[in-house]
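A structural walkthrough
In case you want the letters, here they are:
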Amino acid sequence: MSKPPILTLADITKRFDTQEVLSGFNLSIEDGEFFTILGPSGCGKTTVLRLIAGFEGADEGRIMLNGQDVSKLSAEKRPVNTVFQSYALFPHMTVFDNVAFGLKMAKVSKPEIAERVKEALATVRLSDFATRKPHQLSGGQKQRVAIARAVVNRPKVLLLDESLSALDYKLRQQMQMELKQLQRKLGITFIYVTHDQEEALSMSDRVLVMHNGQAQQVGTPREIYECPNNLFVASFIGEINVFNAEILENLGDYRYLAAMDGFKREIHADRRFEAGDKVHVLLRPEDLRIEYLEDAPDRPGFSGKVLERNYTGQTLDSQIQLPSGQTIMASEFFDEDDPDFDYSINQKVWVDWVHGWEHVIKAES
Amino acid sequence: MSQSPFRRFIIILTLAWLALFVLAPHFLVVLTSVMTPDSEHLAVWPMTLDAYARIWEPLYADVFWQSLALSAKATLICLLLGYPFAYIVAKMSPAWRAFMMFLMIIPFWTNSLIRTYAIKLLLGNKGLFNWVLEAIGVIDAPIQMIYTEFAVVFGLTYILLPFMALPLISSFDKLDKDLIEAGHDLGAGFWQRFYHIVLPLTMPGVVAGCLIVFLPAMGMFYVADLLGGAKNLLLGNIIKNQFLVVRDWPFGSAFSVTLIVIMGMMLWLYYAANKKVQRMGGLDDQNL
């Protein structure tokens, strides 16, 4: 990359009492990207955000922001702003005074404050609400005030802590869209923390998946979804089927012959394996193809029994039990040419997948 | 709402209690205040407003201001001690916090009159404070602490401090820690956070604490008697003396009524201000 990263966390260790929440944690974020830290609760994602904001100090390591070491800088001196999960609007101040707070602290001149607050409120479409108090606003409006209060200071990085989680589903969808548009418009780096994988995939330029204080994988939403690094990332982001396999032979060109549940099949992997390596073959439900036994193709695959089928409107989701006892999920879109396809419970079927759509990782014990 | 017999019984009992022990005594005080003093029968008819007229005599006006000043000093000291104390207690871990609350509540189990005597032992010329100061060589002769205004303010502060601390602790509890962090985040330093966020949001506790310290302080005659000597320092002393020494019951009653009216007015002002603030959706502090 040509441009230096706007934010770097280098070898960060953070302990609470004796418990190590982060150890040797590294992160690098590009200027102007929408970066999401995704993980289950307790994975350390909020700690990372609080370290960047300056609410917590790291026990070890350095935080570089815009080429400056901010590790020892207190929160009020860092050129970052936070949108709190609780919004944290000052209840005793009007919307205007809330948004103006940061500028007043920075001793910006009154006319400029008025101008910039007006502009920020217009950006979040709350121009008519300047004289309201926070308790007179709806959840979505409070959310927007919180965003305006942060961006009006023109921070180098905007931190958003599970900012949409308090909103209902529909409003959340809308705010996701607005956040993304806002980020493009302002060109400010957004760091968004969430446990909602759908939110992470739909908004972000890049996603960091965290688990137990460790970075599991950093990548574009597509990379994270299609090429997960390990079982945790694979199963945290959406549904996935995991098949155990053993590499029998390297066929060259990243192609291998693998022994799977009772059959041998050629698989494709994007990394090197040796004969004898144990691997997981990962397949998303939508990668699987279910065939009626009589239409079974002339290549190895699983046979199975339909345990359950769920009609979701767009897809038909089936649970299939393999002879090994393993239960897998398959999700098929309705086909224009065959609108009536369906299975009956206990029906025997043939399970296949689109060749080359498998993702292979090293086996984890 | 269904009225069960038990419920009705409880309500009647409560009302009867209030009528007998709150309403009736107050009514008697008001009645006495408009009667004529009489050395044999304490108070007799005809009705007169003489007692109320005498309140305006300069002597009593002096006591009134003095009393106000003493109570205000005690209130201010309670606030200065209680505010940081409440802040620290509210920040403590639950176990420590329970312990501190326990320490604060313990004195309530002892009669405040007895505690006032205890202070007398501390502040006396041969009391603990002077003894310690002499022992470590800070002073050669005892400092006169007892029977001074200092002693009275000390006593009032000691007895009333919990009443200041409790409402303050409760308003610090309600203070959302995210708001403080938001202050940090938006570039506010310690004093700016205190002035713009912490103080306005704990103001209800400050006002409530001041009221419940200031108002009783004016009436605590035994503190002034025991620690301040035989001077009329507080309004409560005048009232007590009129009843027990001078035996001018109508005048004592008139003074009581006046004090009650003043306190009532202050409470009313507090609630009116509170209501206004609530309607505005928070405390008024817009001069950022």
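Now for a look at the structure at hand. What you see is a predicted model, and the numbers here were worked out from it, not measured in a lab.

The subject of this paragraph is the overall build of chain A. Helices and strands together make up the secondary structure of chain A, namely 8 helices and 20 strands. The dimensions of chain A, computed from C-alpha atoms along their principal axes, are 80 × 45 × 40 Å. Out of the 365 residues in chain A, the part that is buried amounts to 49%. Taking the intrachain contacts of chain A between residues at least 6 apart in sequence as the baseline, contacts between residues at least 24 apart amount to 65%. As presented, chain A carries roughly 17,200 Å² of accessible surface, and 47% of it is formed by carbon and sulfur atoms.

Moving on, we get to the packing of aromatic side chains. Geometrically, a pair of aromatic rings is defined through the distance of the ring centres and the angle of the planes. Residue and element names in this part refer to chain A. Taken as a whole and judged by the stated rule, the model has 26 aromatic pairs over all chains. On the basis of an interplanar angle of 15 degrees and a centroid distance of 5.4 Å, the ring pair of F232 and F236 is categorised as stacked. Residue F232 and its partner F236 are both found in helix α8 (residues 231-236); the two are separated by 4 residues, about one turn of the helix. Its relative accessible area of 18% is what places F232 among the buried residues.

A word on helix α4 (residues 94-105) of chain B. Residue and element names in this part refer to chain B. Over its 12 residues, α4 runs 16 Å from end to end, which matches the ideal 16 Å to within 8%, given 1.5 Å per residue. Those residues of α4 that sit buried are R97, M100 and M104. One side of α4 carries all its buried residues, which in axial view fall inside an arc of 65 degrees. On its buried side, α4 packs onto α3 (58-91) and α7 (149-174).

Here we come to α3 of chain B. A rise of 1.5 Å per residue sets the reference length of α3 of chain B, with its 34 residues, at 50 Å; its end C-alpha atoms lie 49 Å apart and thus fit the reference within 8%. Approximately 25 degrees is the largest bend angle found in α3 of chain B, and it occurs at G82 of chain B, with the proline P84 of chain B only one to four residues beyond.

In this section: a nonpolar patch on the surface. Residues and elements named next belong to chain B. Residues W96, F99, F102, L103, I106, F108, W109, F163 and I212 make up a contiguous nonpolar surface patch of roughly 910 Å² in combined accessible area. Of all the elements, α4 adds the most residues to the nonpolar patch, at 4 residues. Structurally, I212 can be placed in helix α9 (residues 190-217). Taking relative accessible area as the criterion, I212 reaches 39% and is therefore assigned partly exposed.

What counts and what doesn't
As a convention, each chain's residues are numbered from 1 in the sequence order in which they are written. Chains and ligands are labelled by the order in which they are written, letters from A for the one and numbers from 1 for the other. Local features in a predicted model are, by the rule used here, given only for residues with pLDDT of at least 70; side-chain atom pairs are given and counted only at 80 or more, and totals for whole chains, interfaces and linings are based on all residues. Hydrogen atoms and water are omitted, and side-chain values are computed over all heavy atoms in the structure. Strands here are runs of E lasting at least two residues and helices are runs of H or I lasting at least four, both read from the DSSP assignment and numbered beginning at the N terminus. Any residue under 20% of the maximum accessible area for its type is buried, any over 50% is exposed, and the rest in between are partly exposed; the area is computed with a 1.4 Å probe on protein chains only. Two residues form a contact once any of their heavy atoms are found within 4.5 Å. Here, Shrake-Rupley sampling with a 1.4 Å probe gives the accessible areas, and only protein chains in the shown set may cover a residue. Two rings belonging to Phe, Tyr or Trp (six-membered ring only in the last case) form a pair when the distance between their centres is within 6.5 Å. Interplanar angles under 30 degrees mark stacking, angles over 60 mark edge-to-face geometry, and anything in between is tilted. The span you would expect from a helix comes to 1.5 Å times its residue count less one. The directions from the helix axis to the C-beta atoms are what the arc is built from. Given a residue, its bend is the angle between the two axes fitted to the seven residues that end at it and to the seven that start from it. The patches described consist of residues with a relative accessible area above 30% and no salt bridge, like charges being joined within 9 Å and nonpolar side chains (Val, Leu, Ile, Met, Phe, Trp, Tyr) within 5 Å. Whenever a carboxyl oxygen of Asp or Glu lies within 4 Å of a side-chain nitrogen of Lys or Arg, that contact is scored as a salt bridge.

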